[in-house]
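# Structure at a glance
Given next are the chains, with one letter for each unit.
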Amino acid sequence: MKRILLPLLLAATSAFAFDVQLEWGHPLPEDRNAKWSLSYGSLLDVSGHVDETFRAYYKASGQNWKQSLAESYSLSDFGVDAPYSTMGLRYEKQWTFWNFRWDLVRLSLDASANAKRDYYLGVGDDIRYGGRSYDHLKIPKGSRFSLDFDGFLTSGAFALTPFTFWLGEELSFTPELDAGLVLILGKYKVDAGKARGTAVYQNPPVDFVVGGSSDSFIGAGAPMIGFGGELRLGAEDWIQWIFRANLGYFSYSGSTKPFTSSGHRAKDIDLDYFSLTFDAAVDLPMTETTCLELGARLQYMDIAAEIKSKEKDDAAIVAARERFDKKADFDAVSLLFYAGVTF
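These notes cover the structure that comes with them.

So, how was this worked out
- Residues numbered from 1 in each chain as written.
- Predicted model: local features only at pLDDT ≥ 70, side-chain atom pairs only at ≥ 80, totals over all residues.
- Heavy atoms only, no water.
- Pairing = 2+ DSSP bridges.
- Helix = DSSP H or I, 4+ residues; strand = E, 2+ residues; numbered from the N terminus.
- Phe/Tyr/Trp six-rings, centres within 6.5 Å; stacked < 30°, edge-to-face > 60°.
- Buried < 20%, exposed > 50% of the residue type's maximum accessible area, 1.4 Å probe, protein only.
- Lys NZ or Arg CZ within 6 Å of the ring centre and 35° of its normal.

Bridge count for strand S6 (residues 119–129) against strand S7 (residues 132–139) is 7 bridges, and the pairing is antiparallel. When the bridges of S7 are listed, tyrosine 119 appears paired with isoleucine 139. Between S6 and S7, which follow one another and run antiparallel, lie 2 residues, and glycine 130 among them has a positive phi close to 60°. Bridge count for S7 against strand S12 (residues 206–210) is 2 bridges, and the pairing is parallel. By the bridge assignment, leucine 137 is partnered in S12 with valine 209.

This is the structure we're talking about:
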């Protein structure tokens, strides 16, 4: 009991000693409640992998020994090696009890490598060869290929700011609850040189074109909830230091139909998204109504997914020729430096 009461007593004593005041909402001067900013930085680290785990078809058809054919892929296999430069744009607007933030970050990745083994890939844009169109690509072991991606990561979020704690006249802390949407849009290209033949792979057999290039558009989005807080130090009419931390989270368990156009291959998916962001900035008065804001933003993101067969009956599994279940994980760390104007 003493271990519980002592920290509470110390916290209460500190609050009275430093005269902590509570104010409803998030009070800001009218010349500091909106902001546009531009950023430039780097995707410091990016990693990801996909592991085939279990194929229900092999078990249902009496070929369980073939589970050993499962493969794994990682971004490093494709030559993806950070850092990569990024640019961004942000808009913020604050009211007494609400805060809105919109971010747009441009991502551009390019990589090349020699295939460590035969890679068999599904592609979005068909590859023409020998008068036919193929939506599957084989990259033979040892051959050179490249991967490019250009796109945008954008997010918009509203934050509830119910109250602010004041410690004196120049130090305040405002907690917040966040709800928003995260989207990634872009185009990637896989180039394995000139198309030079065909191959048959998988069970049931699928025709793959050997080599060739394909451009594909990807787009995915997810809602996000979270919480955070903002610490401000300094007089409202002079220089202020701002420190902010935000944690975001999203979890989905259900069908893959919302994430793919291949409805006949729908599976069950468990998807988790996590992000943690730290901001540090300083506001420098320029005129009576505007301030220059300089700062840095560090963000960590993690996406984890597990994709499993929807079918449970052996006959249905065999009829559908269910492919391998998969586990996937993607991590990224970015650092942006920004300059903006508050008004």
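Next comes the rest of the write-up.
If you walk through the whole model with that rule in mind, you get 14 aromatic pairs. An angle of 80° between the planes, with centres 5.8 Å apart, marks the rings of tyrosine 58 and phenylalanine 324 as edge-to-face. Taken together, the residues tyrosine 58 in helix H2 (residues 56–60) and phenylalanine 324 in the loop between helix H3 (314–320) and strand S17 (326–342) connect sequence positions 266 residues apart. With a relative accessible area of 6%, tyrosine 58 lands in the buried category. Every member of this aromatic cluster is reached through a ring pair, and the members are Tyr73, Phe78, Tyr119 and Phe145. Sitting over the face of the ring of tyrosine 58, arginine 55 holds its NZ or CZ atom 4.8 Å from the ring centroid. One residue, arginine 117, lies across the ring of tyrosine 73, its end atom 5.0 Å from the ring centre.

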